[in-house]
Amino acid sequence: MRVIPAIDLIEGRCVRLAQGDFGKAVRYDAQPLEVAQRFEDAGLRYLHLVDLDGARTGSVQNWKTLELLATRTQLHIDFSGGLKTDSDLRVALESGARQLVIGSVAVKAPADLERWLLAYGPQVIVLSADTKAGRVAVSGWQETSPLELLPFLAGWHGRGIATAICTSIEQDGLLAGPNQALYQSVRHKLPALQLVASGGVTTLADLEALRGAGVMGAIVGKALYEGRLSAKDLANFEAQC
């Protein structure tokens, strides 16, 4: 199982939200490059980089920070936030993203996502399927669509999506543990989908439970910044997987 630390960006600085609420953003003093290098030095290989400004405005904003992290580390970076147009995707890839995480477009302009899947392939294009009360949330979690999560995932898996990051918004940023029942349900219904869990991971026991559920990866955010887990803890756990 991959263990994937997260960096969320507002105006080029590290932040964490609680349940996607921009009004509850906590800003951290550490610079994104320092944080990414600390992850790499500990032995981690992946990074989940979220452009919250892009998610809120609808176009990529923090591409310079992406470029800095991609050129100054060897981390495999998946990038999300504001990926709405062909130009946004080109900017992100040219700035060093290895994977592009697409959320709102999958709901609002599905033909574009189908086209990008054909152009870039399922190893580059990752689906973001974030859920609140069983429904798919979009636009930086500021809107909840009428689409139910499991049919949404199944539909896109049938159209070629191989990997999906699924965030349980109710758990995100609260340090209260992940929604294990949600991920078990997805794995049961869609065993061939490579599922990445996000939201609520606080302890190594949480990661162990997710591994037992069969998820391909788990994203860890606030627990790192609040000192509940260290980058070395995550690297040691991943090495045992």
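That block above? That's the structure.
Residue numbers run consecutively from 1 along every chain, following the written order of its sequence. For a predicted model such as this one, the threshold for reporting local features is a pLDDT of at least 70, and the threshold for listing and counting side-chain atom pairs is 80 or more; totals across whole chains, interfaces and linings nevertheless cover every residue. Only hydrogens and water are removed before side-chain values are computed, so all heavy atoms of the structure are retained for them.

1. Points about the nonpolar core
Ranked by size, the top nonpolar core spans 64 residues in total, and within it I7, I125 and L127 carry the most contacts. For L127, the residues in contact, after removing those within four places along its chain, are V101, I102, A106, L113, F152, L153, W156, I161, T163, A164 and I165. Only buried residues count toward a nonpolar core, which is a set of Ala, Val, Leu, Ile, Met, Phe, Trp, Tyr and Cys residues joined through side-chain atoms within 4.5 Å. Burial classes: relative accessible area under 20% of the type maximum marks a residue as buried, over 50% as exposed, and values in between as partly exposed (1.4 Å probe, protein chains only). Formed by 9 residues, the second largest nonpolar core is a distinct cluster that contains A6, Y46, V196 and I219. Should any heavy atoms of two residues lie within 4.5 Å, those residues are counted as being in contact.

2. As for the environment of T163
Tracing the sequence through the fold places T163 in strand β11 (residues 163–167). For the pair T163 and V101, spaced 62 residues apart in sequence, the C-alpha separation works out to 9.5 Å. With sequence-adjacent residues up to four places away left out, T163 is seen in contact with V126, L127, L193, Q194, V196 and M216. Numbering goes from the N terminus for both helices and strands, where a helix is a DSSP run of H or I of at least four residues and a strand is a run of E of at least two.

3. Considering the packing of helix α4 (residues 86–94) against helix α6 (residues 110–120)
Only the stretch in contact is used when a helix axis is fitted, and all axes are lines through C-alpha atoms; the angle between N-to-C directions ranges over 0 to 180 degrees. Two elements in contact, α4 and α6, have axes whose closest approach is 12 Å; the angle formed by their N-to-C orientations is 35°. Note on packing geometry: the crossing formed by α4 with α6 is right-handed. Listed contacts from α6 to D86, L89, R90 and L93 of α4 are R115, W116 and Y120. For any helix crossing, the convention is left-handed if the near helix is rotated counterclockwise from the far helix by under a right angle, and right-handed if that rotation is clockwise.

4. Topic: the side chain of T73
Relative to the helices and strands, T73 resides in the loop between α3 (63–72) and β5 (76–80). In this structure the side chain of T73 is engaged in a polar contact, spanning 2.8 Å, whose partner is the backbone oxygen of L69. T73 has contacts with L33, A36, Q37 and E40, leaving out every residue within four places of it along the chain. Definition of a polar contact: a pair of N or O atoms within 3.5 Å, with one able to donate and the other able to accept a hydrogen when the atoms are protein atoms, and with sequence-neighbouring residues admitted only if both atoms are side-chain atoms.

5. Observations regarding the pairing of strand β12 (residues 194–198)
With 4 of its 5 residues buried, β12 lies for the most part within the structure. Strand pairing is assigned whenever DSSP detects at least two bridges linking the two strands. Both β11 and β12 contribute to a ladder of 5 bridges, which runs parallel. By the bridge assignment, A164 is partnered in β12 with L195. Examined bridge by bridge, β12 and strand β13 (residues 217–220) share 3 bridges and lie parallel to one another. Its bridge partner being in β13, A197 is matched across the sheet by A218.

6. What about the packing of helix α1 (residues 32–42) against α3?
Packing of α1 against α3 brings their axes to within 10 Å, and their N-to-C directions diverge by 35°. Between α1 and α3 lies a crossing of right-handed hand. Here P32, L33, A36, Q37 and E40 of α1 come into contact with α3, specifically with T65, L68, L69 and R72. Here the term charged refers only to Asp, Glu, Lys and Arg, the term nonpolar to Ala, Val, Leu, Ile, Met, Phe, Trp, Tyr, Cys and Pro, and the term polar to all other amino acids, Gly among them. Here the contact of α1 with α3 is composed, by residue class, of 5 nonpolar, 2 polar and 2 charged.

7. A closer look at the sheet that holds strand β10 (residues 143–148)
Taken in spatial order, the 3 strands of this open sheet run β8-β9-β10, and their pairing is antiparallel. Looking at which strands have only one partner, the edges of the open sheet turn out to be β8 (130–132) and β10. Across the sheet, the axes of successive neighbouring strands diverge by a mean angle of 50°, strand direction being ignored. As paired strands, strand β9 (residues 135–138) and β10 are joined by 3 bridges and run antiparallel to one another. Across the sheet, the residue bridging to A137 is T144, located in β10. Sitting on the sheet, helix α7 (residues 149–158) touches β8, β9 and β10, and the angle it makes with β10 is about 75°.

8. Description of the environment of T131
By the element assignment, T131 lies in strand β8. Through-space distance from the C-alpha of T131 to that of Q240 is 30 Å; in sequence the pair is 109 residues apart. When residues no more than four places from it in sequence are discounted, the contact partners of T131 are L149, C166, T167, S168, I169, E170 and L182. At 3.4 Å, the side chain of T131 forms a polar contact with the backbone nitrogen of G134. A polar atom in the side chain of T131 sits 3.3 Å from the backbone oxygen of R135.

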